[in-house]
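Here are the chains, one letter per residue:
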Amino acid sequence: MLEPLFNGIGQSAIWAVMTVVVVLEFTTGKGNFMQRAQQRIGDNSHNTFKHLEEAYEKLQGQFKSSKKEWEMEKSTLLDDISSMQIKLDSQIRIQRIYNFS
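Residues numbered from 1 in each chain as written. Predicted model: local features only at pLDDT ≥ 70, side-chain atom pairs only at ≥ 80, totals over all residues. Heavy atoms only, no water.

> Kindly report on the overall build of the chain, identifying the contributing residues and their values.
A count of helical and extended segments in the chain gives one helix and zero strands. Looking at the chain residue by residue over its 101 residues, the buried ones come to 1%. (Helix = DSSP H or I, 4+ residues; strand = E, 2+ residues; numbered from the N terminus. Buried < 20%, exposed > 50% of the residue type's maximum accessible area, 1.4 Å probe, protein only.)

> I'd like a rundown of the pattern of salt bridges, residues and numbers included.
This model, assessed by the stated rule, comprises one salt bridge. Between Glu 71 and Lys 74 there is a salt bridge, and its shortest N-O distance comes to 3.9 Å. Taken as a pair, Glu 71 and Lys 74 lie in helix α1 (residues 11–100) at a separation of three residues, close to a single helical turn. Relative accessible area serves as the criterion here: at 38%, Glu 71 is assigned to the partly exposed category. Lys 74 gets classed as partly exposed once you look at its relative accessible area, which sits at 33%. (Salt bridge = Lys/Arg side-chain N within 4 Å of Asp/Glu carboxyl O.)

> If you had to explain a nonpolar patch on the surface to someone new, which residues and values would you point to?
Residues Leu 78, Ile 81 and Met 84 make up a contiguous nonpolar surface patch of roughly 320 Å² in combined accessible area. For Ile 81, the location among the structural elements is in helix α1. Given the relative accessible area of 49%, Ile 81 is considered partly exposed. (Patch = residues over 30% accessible without salt bridge, like charges linked within 9 Å, V, L, I, M, F, W, Y side chains within 5 Å. Areas by Shrake-Rupley, 256 points an atom, 1.4 Å probe, with all protein chains shown as cover.)

So this is what it looks like as structure tokens:
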């Protein structure tokens with residue numbers, strides 16, 4: 001009677017054939033998919049990219065502004081710390097003078 005074809009072929013060979021079929025299907029279908037995607041995006045892609053570019057520029061401006069504010073705040077804090085260190089050093093000197101007296 002009729003025997004199935006795969007009984008004469010090992011299981012590894014069947015998987016090899018299936019892999020080739022899937023890979024060929026993917027590679028031949030991929031080109032069509034990309035073409036269809038580009039056609040669908042078409043005119044909308046310019047607007048989308050323009051919107052993304054504007055959002056990026058806005059975020060970049062906010063970042064630069066925040067960075068500038070942080071640098072000013074950091075500078076002020078460092079000046080305050082320096083001033084407090086000078087006052088502390090002077091108080092320590094005065095305390096040492098009174099302790100020796």
